[in-house]
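Spelled out from the first residue to the last, the chains are:
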Amino acid sequence: MRGLGTALRKLFGRAPRLASPEEHRRLLEECRQLAEQGKQGKALKGYGRLVRELSAPEAATLEHRQCLVRACLAQGKALQRAGQPDAAAQSHAKLQDLCRVDEDGTADQCAEAVVLNQTVLETDDQFEWAHYFLGLALFKRQDYAQAISHLETAQRLNASRREASYYLRACR
C-alpha cells in the first residue's frame, strides 16, 4: 500500500481540483485494505480526509455524495473497531443528516434520498433511519409497495418511530 500515501498527498495536497468519484472510490478501497491489514491509524486518516473533501460544497454531485455515504459508513465501522464509539456515532450522525429527506422534500431531493439510502442499506441493512427515509422518499414518489416494505422494516427496527406508522397507513 505504499501508493496510498502518495495518492492521498496528491489528492489532498495543495491541488485545487476536486477528485473524480472514481478516484475517491479507489482511495476508499485502499483505506479498506489498510484497515483489513490492521493499519487502523492510516485507514482512519484516509477515511477522515475523504470525508472532509467529499463534504466540501463543490462535491455536490450525486456520485460524490454516494462516495461520501460510503466513506462515512467505512469511517464509522473503523472507528468502532478502533474503540472510539463516540466518534463512530458522530460519523453515523453525519451520514444520517446526509441521507435525510423531509416530508416536504422536492422530487429531486426524494430521488437523491432513494439513491443515498439504498447505498447505506447495501452496506448495512440495520440502519432503521435509512429504511424510514427510503420509505418516505418512495412514498412521496408514489411507489407505495416499495415504501411499505421499508417503512415496515423501519417500524420493526424502531417501534417508537411513529412517523413510520403514519406513512404505512397512508400507503394502504
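Here's a quick rundown of the structure. (Residues numbered from 1 in each chain as written. Predicted model: local features only at pLDDT ≥ 70, side-chain atom pairs only at ≥ 80, totals over all residues. Heavy atoms only, no water.)

1. Things to note about the environment of Q90
1) Next: Relative to the helices and strands, Q90 is located in helix α5 (residues 85-99).
2) Next: For Q90, a relative accessible area of 58% translates into the label exposed.
3) Next: Considering only alpha carbons, one finds Q90 and L79, eleven residues apart in sequence, at a separation of 10.0 Å. (Helix = DSSP H or I, 4+ residues; strand = E, 2+ residues; numbered from the N terminus. Buried < 20%, exposed > 50% of the residue type's maximum accessible area, 1.4 Å probe, protein only.)

2. Some words on the side chain of R161
1) Next: Position of R161 relative to the elements: it lies in the loop between α8 (144-157) and α9 (162-171).
2) Next: Its relative accessible area of 14% is what places R161 among the buried residues.
3) Next: In this structure, R161 is in contact with E128, W129 and Y132, ignoring residues within four places of it in sequence. (Contact = heavy atoms within 4.5 Å.)

3. A few points about the environment of A113
1) Next: Within the fold, A113 resides in helix α6 (residues 107-123).
2) Next: Sequence separation between A113 and R100 is 13 residues, and the spatial gap between their C-alpha atoms is 6.8 Å.
3) Next: Discounting chain neighbours no more than four positions away, the residues touching A113 are C99, V101 and A137.

4. Re a negative patch on the surface
1) Next: Taken together, the side chains of D102, E103, D104 and E163 make up a negatively charged region of the molecular surface.
2) Next: Secondary-structure assignment places E103 in the loop between α5 and α6.
3) Next: Residue classification places E103 among the partly exposed residues on the basis of a relative accessible area of 48%. (Patch = residues over 30% accessible without salt bridge, like charges linked within 9 Å, V, L, I, M, F, W, Y side chains within 5 Å. Areas by Shrake-Rupley, 256 points an atom, 1.4 Å probe, with all protein chains shown as cover. Salt bridge = Lys/Arg side-chain N within 4 Å of Asp/Glu carboxyl O. Lys, Arg positive; Asp, Glu negative; His and termini not counted. Charge placed at Lys NZ, Arg CZ, Asp CG, Glu CD.)

5. Side note on the layout of surface pockets
1) Next: Approximately 170 Å³ is the volume found for the second largest pocket.
2) Next: If you go around the second largest pocket, the residues you meet are R25, L28, E29, R32, Y47, R70, L73, A74, K77 and T123.
3) Next: Going through the elements one at a time, α2 (21-36) and α4 (62-81) are the ones with two or more residues in the lining of the second largest pocket.
4) Next: Class assignment of the residues belonging to the lining of the second largest pocket gives a composition of four nonpolar, one polar and five charged. (1 Å grid on protein atoms, 1.4 Å probe; cavity = no way out; pocket = protein on both sides within 12 Å on 5 of 7 lines; lining within 4 Å. Points joined across faces, edges and corners; volume = space filled by probe spheres on them. Nonpolar A, V, L, I, M, F, W, Y, C, P; charged D, E, K, R; others polar.)

6. Quick notes on the pattern of salt bridges
1) Next: Scanning the entire structure with this criterion turns up eight salt bridges.
2) Next: Here E30 makes a salt bridge to R26, at a shortest N to O gap of 3.0 Å. Placement of both E30 and R26 in helix α2 is noted, with a separation of four residues, approximately one turn of the helix.
3) Next: Judged by its relative accessible area of 15%, E30 falls in the buried class.

7. Comments concerning the nonpolar core
Across soluble globular proteins, you tend to see nonpolar side chains buried next to one another.
1) Next: In this structure, Y47, V69, L95, V120, W129, Y132 and L151 are the most contacted members of the largest nonpolar core, which totals 49 residues.
2) Next: For this core, the elements supplying multiple residues, two or more each, are α2, α3 (40-54), α4, α5, α6, α7 (128-140), α8 and α9.
3) Next: Residues within four places of W129 in sequence aside, it is in contact with H92, L95, Q96, C99, N117, V120 and R161. (Core = buried A, V, L, I, M, F, W, Y, C linked by side-chain atoms within 4.5 Å.)

8. A word on α6
1) Next: Taking 1.5 Å of rise per residue, 17 residues should cover 24 Å, and α6 covers 25 Å from first to last C-alpha, within 8% of that figure.
2) Next: Restricting attention to buried positions, one finds in α6 the residues C110, A113, V114, L116, N117, T119, V120 and L121.
3) Next: Buried positions along α6 lie against α4, α5, α7 and α8. (Expected span 1.5 Å × (residues − 1).)

9. Structural notes on unusual backbone geometry
1) Next: A positive phi angle, near 65°, is found at Q142, a position not held by glycine.
2) Next: Looking at the secondary structure, you find Q142 in the loop between α7 and α8.

10. As for the packing of aromatic side chains
1) Next: Applying the stated criterion across every chain, the model contains six aromatic pairs.
2) Next: Here the aromatic rings of W129 and F133 are separated by 6.2 Å at their centres, their planes lie at 50°, and the arrangement is tilted. Within this pair, W129 and its partner F133 are both found in helix α7, separated by four residues, close to a single helical turn. For the residue pair W129 and F133, the accessibility class agrees, reading buried in each case.
3) Next: Through successive ring pairs, a cluster of aromatic residues spans F127, W129, Y132 and F133.
4) Next: Over the ring of Y132 we find R161; its NZ or CZ atom is 4.2 Å from the centre of that ring.
5) Next: Taking the ring centre of F133 as reference, the NZ or CZ of R161 above it sits at 6.0 Å. (Phe/Tyr/Trp six-rings, centres within 6.5 Å; stacked < 30°, edge-to-face > 60°. Lys NZ or Arg CZ within 6 Å of the ring centre and 35° of its normal.)

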